[in-house]
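Chain by chain, the residues run as shown.
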Amino acid sequence: MEKLKRKIMNFMRGRYGADQLYNALIISGMVLYFLGATINFGVLVFVAQILIFWALFRVYSKKIYKRAEENRKFLKWWQPNQKKLKLFFRRFKEIKVARFRKCPNCRTTLRLPVKRGKKTVKCPTCHQKFESRIIL
């Protein structure tokens, strides 16, 4: 077992390896592959195979600088979208206990308890008061 481990380590020496873009490509490839196979749509399966091949190409590439630059660009795009996605799932998860409203002044998202009616809310960031109405 040690001999195999050493051979794999020698093979991967000088190669880029896995990163966040690799994870995103593999996950999206698997999802597309599953969807394409389920609804019998060959184009999705083909796109999924291309994504998985691209991810594997990136892992075994020896052009470390180019792969790191690709990952940096991906993270620059992904991080703002990741925050929005997390907030979306958090809103869905806490729909029975909280409502989320944005401050009209500083655009900070506030988490308010579910108490129906009109309320005056004070933003903890900019300290401005504004009216918030919770219907459901």
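Residues numbered from 1 in each chain as written. Predicted model: local features only at pLDDT ≥ 70, side-chain atom pairs only at ≥ 80, totals over all residues. Heavy atoms only, no water.

### Comments concerning the packing of helix α2 (residues 20-38) against helix α3 (residues 42-60)
Piece 1. Packing of α2 against α3 leaves a shortest axis separation of 8 Å and a crossing angle of 160 degrees. As summarised for this structure, α2 and α3 are arranged roughly antiparallel, according to the angle between their axes. Here the hand of the crossing between α2 and α3 comes out left-handed. Where α2 abuts α3, its residues L21, Y22, L25, I26, S28, G29, M30, L32, Y33, L35, G36 and A37 lie against L44, V45, V47, A48, Q49, L51, I52, W54, A55, R58 and V59.
Piece 2. In terms of residue class, the contact of α2 with α3 is built from 18 nonpolar, 4 polar and 1 charged. (Axes fitted to C-alpha atoms, helices over the stretch in contact; angles between N-to-C directions. Helix = DSSP H or I, 4+ residues; strand = E, 2+ residues; numbered from the N terminus. Parallel < 35°, antiparallel > 145°, perpendicular 65-115°, else oblique. Left-handed = near helix turned anticlockwise from the far one by under 90°. Contact = heavy atoms within 4.5 Å. Nonpolar A, V, L, I, M, F, W, Y, C, P; charged D, E, K, R; others polar.)

### Details of the environment of Q49
Piece 1. Here Q49 is to be found in helix α3.
Piece 2. Take Q49: its relative accessible area is 43%, and that puts it in the partly exposed class.
Piece 3. Placed 23 residues apart in sequence, Q49 and I26 show a C-alpha to C-alpha distance of 9.7 Å. (Buried < 20%, exposed > 50% of the residue type's maximum accessible area, 1.4 Å probe, protein only.)

### Quick word on the confidence of the model for the protein
Piece 1. The predicted model of the protein has a mean per-residue pLDDT of 92, with 100% of residues at 70 or higher.
Piece 2. Between the elements of the protein, mean pLDDT differs from a low of 89, seen in strand β4 (residues 129-134), to a high of 96, seen in α2. (pLDDT = per-residue confidence, 0-100.)

### Details of the pattern of salt bridges
Piece 1. For the coordinates displayed, the defined rule picks out 6 salt bridges.
Piece 2. Of the charged contacts, one joins E70 and R67 as a salt bridge, the two residues approaching to 3.1 Å between their closest N and O atoms. One end of the pair is E70 and the other is R67, both in helix α4 (residues 64-93) and 3 residues apart, which spans about a single turn.
Piece 3. The closest approach of N and O atoms between R111 and E94, which form a salt bridge, is 2.6 Å. Taken together, the residues R111 in strand β2 (residues 109-113) and E94 in the loop between α4 and β1 (98-102) connect sequence positions 17 residues apart.
Piece 4. On the basis of relative accessible area, E94 is assigned to the buried category, the value being 17%. (Salt bridge = Lys/Arg side-chain N within 4 Å of Asp/Glu carboxyl O.)

### A few points about the side chain of R67
Piece 1. The class for R67 is buried, based on a relative accessible area of 7%.
Piece 2. In terms of polar contacts, R67 uses its side chain to reach the side chain of E70, at 3.1 Å.
Piece 3. The residues touching R67, leaving out its near neighbours within four places in the chain, are Y16, D19, F57, R58 and S61. (Polar contact = N/O pair within 3.5 Å; in protein donor to acceptor, adjacent residues only side chain to side chain.)

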